Amino acid sequence: MAKLVVSKFGGTSMGDADCMLRSAEVSFRQGSGLVVVSATSGTTNDLIALGKTAESQAWPESEKILSKIQDKHNKIAQDLKLPADAKAKLETLFEEMSSLAKGMHLLKDCSVKAMDTLMSLGERMSSVLFTEAMSQVLKKHGSAKSAELLDVRTVLRTDDQFGKAKPLTNDVANLCQKNLSFLREGKKVMCTQGYIGMTEEGITTTLGRGGSDYSAAILAEGVSADVLEIWTDVAGIATTDPRLCPKAQPISEISFKEASELATFGAKVLHPATLLPAIRKNIPVFVGSSFDVEARGTWVRMDVEDHPLIRAMALRKKQVLVTLSTPEMLYAHGFLFQIFKIFNDHKVSIDAITTSEISVSVTLDDSTLLNKNLIKDLSQIADVQVEENLALISLIGNNINHTPGLGKRIFETIPDINVRMICLGASKHNFCFLVADEQGPEVIKRLHACFIEAGIEEMA
């Protein structure tokens, strides 16, 4: 049986015909059996704009966006010399896109359910094009393999939470076993879509923005892949965002736990949910650049050789701090349960939390989550204070909660910056705290110089 590699390519890797052919070359070199692709860069945003425009503006405005999307894909089709059968598939998708937009315009309604179907077209169009690119590369190298298009909705079953559907893991595994067991034979390269799925009733869903990585991981778990590869436009995971710190260093390997913390608290290279399926099946994950295949990239594994105190750091802007205070919390049980139940009822996720005898402070991502009904419900059980425009700083590493002097070293590095909240102890892999939004980049620069750059200079 052949080694089974699942490879996922992002939007920039699908940017034009050259990008698709380059990505197909990477797939051939890696021996990919299942290739998961995103929409061409910018198309998902265009589809969102199409839905909103169709709902609220005159039809000619929608036609402009339709033409823009079609022209982009027709240009790639022309450059790839797309054969007639594939061109017919693309035209069918264009017709579906136009029909959906017209329906939204006539009804003046752009529901989340309808938007999921509209937004799925980005990946469905790019996968038609990429399948041809993959076929051309296989022929070029004289490979006996064939490239075939797979509609991911036949195997990626989800619930009906439109806009952010959750994969039904057991159903996905059963459907993959039923429909994709032939992948181990190594005779075909199946090209499919990220980001989308389907309910049991046959209705198209999306997994939320950034969900292509996650869907690739779900599929890798479903087919019991040996390796999951995430190909993007950056050469792996770095010690921090290189746009903040020019001296950010590439990370050759990182543990699942560290990478999970890093993704959750702000790193953009990996979607936070991506690693969960890989962890469940212990599937190594490689993150690399389709534009620079020779670069080392980053391996994410269960076990790694090196366990530095600080591996990386992340900045997460637009954070909200909600503080709930009441004397009734003193010596009372059930108060935290009430708080978490309210957040759960409103489907709002809490990132970090600290408590005192009479108050609880929690951080939330993005103030748009703070709807009036949530505040109203929280106000029924406590006094509520809301602070916005904050940034969450996270230091990711190992044995953080059992290292004397770490906090002293951190705060001596930023003595002139007010720290609004500290969260330490729940994880040995993370130390995080809040500062003012505009001070976040400066904090990252100083901490990176202290913990990463200084350490590299010592080794040199």
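Each remark here, short or long, concerns the structure printed above.
Calculation criteria
- Residues numbered from 1 in each chain as written.
- Predicted model: local features only at pLDDT ≥ 70, side-chain atom pairs only at ≥ 80, totals over all residues.
- Heavy atoms only, no water.
- Buried < 20%, exposed > 50% of the residue type's maximum accessible area, 1.4 Å probe, protein only.
- Helix = DSSP H or I, 4+ residues; strand = E, 2+ residues; numbered from the N terminus.
- Pairing = 2+ DSSP bridges.
- Axes fitted to C-alpha atoms, helices over the stretch in contact; angles between N-to-C directions.
- Parallel < 35°, antiparallel > 145°, perpendicular 65-115°, else oblique.
- Left-handed = near helix turned anticlockwise from the far one by under 90°.
- Contact = heavy atoms within 4.5 Å.
- Phe/Tyr/Trp six-rings, centres within 6.5 Å; stacked < 30°, edge-to-face > 60°.
- Lys NZ or Arg CZ within 6 Å of the ring centre and 35° of its normal.
- Core = buried A, V, L, I, M, F, W, Y, C linked by side-chain atoms within 4.5 Å.

Quick notes on the pairing of strand β16 (residues 430-436)
Stage number 1. The buried count for β16 comes to 7 of 7 residues, which makes it a mostly enclosed element.
Stage number 2. As judged from the 7 bridges shared by strand β14 (residues 383-397) and β16, these two strands associate in the antiparallel manner. Bridged to Leu-392 within β16 is Leu-434.

A look at the packing of helix α2 (residues 43-56) against helix α5 (residues 112-140)
Stage number 1. In the contact formed by α2 and α5, the axes pass within 9 Å of each other and the chain directions differ by 150°. Between α2 and α5, the crossing angle belongs to the class labelled roughly antiparallel. When the axes of α2 and α5 are compared, the crossing they make is right-handed. Residues Thr-43, Thr-44, Leu-47, Ile-48, Leu-50 and Gly-51 of α2 pack against Met-115, Leu-118, Met-119, Leu-121, Gly-122, Glu-123 and Met-125 of α5.

Observations regarding unusual backbone geometry
Stage number 1. Positioned with a positive phi, Asn-282 is a non-glycine residue whose angle comes to about 50°.
Stage number 2. Of note, Asn-282 is situated in the loop between α9 (275-281) and β9 (285-289).
Stage number 3. Of note, the phi angle at Lys-318 is positive, near 55°, even though the residue is not glycine.
Stage number 4. For Lys-318, the location among the structural elements is in strand β11 (residues 310-325).
Stage number 5. Judged by relative accessible area, which is 59%, Lys-318 ranks as exposed.

What about the sheet that holds strand β12 (residues 353-355)?
Stage number 1. Taken in spatial order, the 6 strands line up as β12-β13-β11-β14-β16-β15 in an open sheet, and their pairing is antiparallel. Edge positions in the sheet fall to β12 and β15 (421-423), since each of these pairs with one other strand and no more. Strand-to-strand twist across the sheet, computed as the mean angle between neighbouring axes with direction ignored, equals 30°.
Stage number 2. As judged from the 3 bridges shared by β15 and β16, these two strands associate in the antiparallel manner. Bridge assignment links Met-421 to a residue of β16, and that residue is Leu-434.
Stage number 3. Relative to β11, helix α8 (residues 256-264) is tilted by about 50°, and along the sheet it contacts β11, β14 and β16.

Here we look at the packing of aromatic side chains
For any pair of aromatic rings, geometry is given as the distance between the ring centres together with the angle between the planes.
Stage number 1. Evaluated as defined, the whole model comprises 7 aromatic pairs.
Stage number 2. Counting every residue linked through ring pairs, the aromatic cluster contains Phe-9, Phe-130, Trp-231, Phe-286 and Trp-299.
Stage number 3. Sitting above the plane of the Phe-182 ring, Lys-188 keeps its charged end 5.2 Å from the centroid.

Some thoughts on the nonpolar core
As a rule of thumb, soluble globular proteins bury nonpolar side chains together.
Stage number 1. Counting residues in hydrophobic clusters, the biggest one holds 90 residues, and the most contacted among them are Met-97, Phe-130, Leu-228 and Val-285.
Stage number 2. Judged by nonpolar contacts, the second largest core, of 22 residues, contains Leu-395, Ile-400, Ile-410 and Val-443.

Side note on the side chain of His-448
Stage number 1. Mapping His-448 onto the fold places it in helix α13 (residues 440-459).
Stage number 2. Those residues within four positions of His-448 in sequence are excluded, and the remaining contacts are Thr-239, Thr-240, Cys-245, Lys-247, Ala-248, Gln-249, Met-313 and Glu-453.

A short note on the packing of helix α3 (residues 59-79) against helix α4 (residues 84-107)
Stage number 1. Running from N to C, α3 and α4 point in directions that differ by 165°, and their axes come no closer than 11 Å. When the interaxial angle is binned, α3 and α4 end up roughly antiparallel. Every pair of crossing elements has a handedness; the one defined by α3 and α4 is right-handed. Listed contacts from α4 to Trp-59, Leu-66, Ile-69, Gln-70, His-73, Asn-74 and Ala-77 of α3 are Lys-87, Leu-90, Glu-91, Phe-94, Met-97, Ser-98, Ala-101, Lys-102 and His-105.

Observations regarding the sheet that holds β9
Stage number 1. Spatial ordering of the open sheet is given by β3-β4-β2-β1-β7-β9-β10-β8, a layout of 8 strands whose pairing is mixed. Here the strands that pair on one side only, and so sit at the sheet edges, are β3 (146-149) and β8 (253-255). Taken over all neighbouring pairs, the strand axes of this sheet differ in orientation by 20° on average, direction set aside.
Stage number 2. Taken together, the 5 bridges between strand β1 (residues 5-9) and strand β7 (residues 227-232) define a ladder with parallel strand orientation. Pairing of Ser-7 across the sheet is with Glu-229, part of β7.

Geometric values such as these leave the question of function open.
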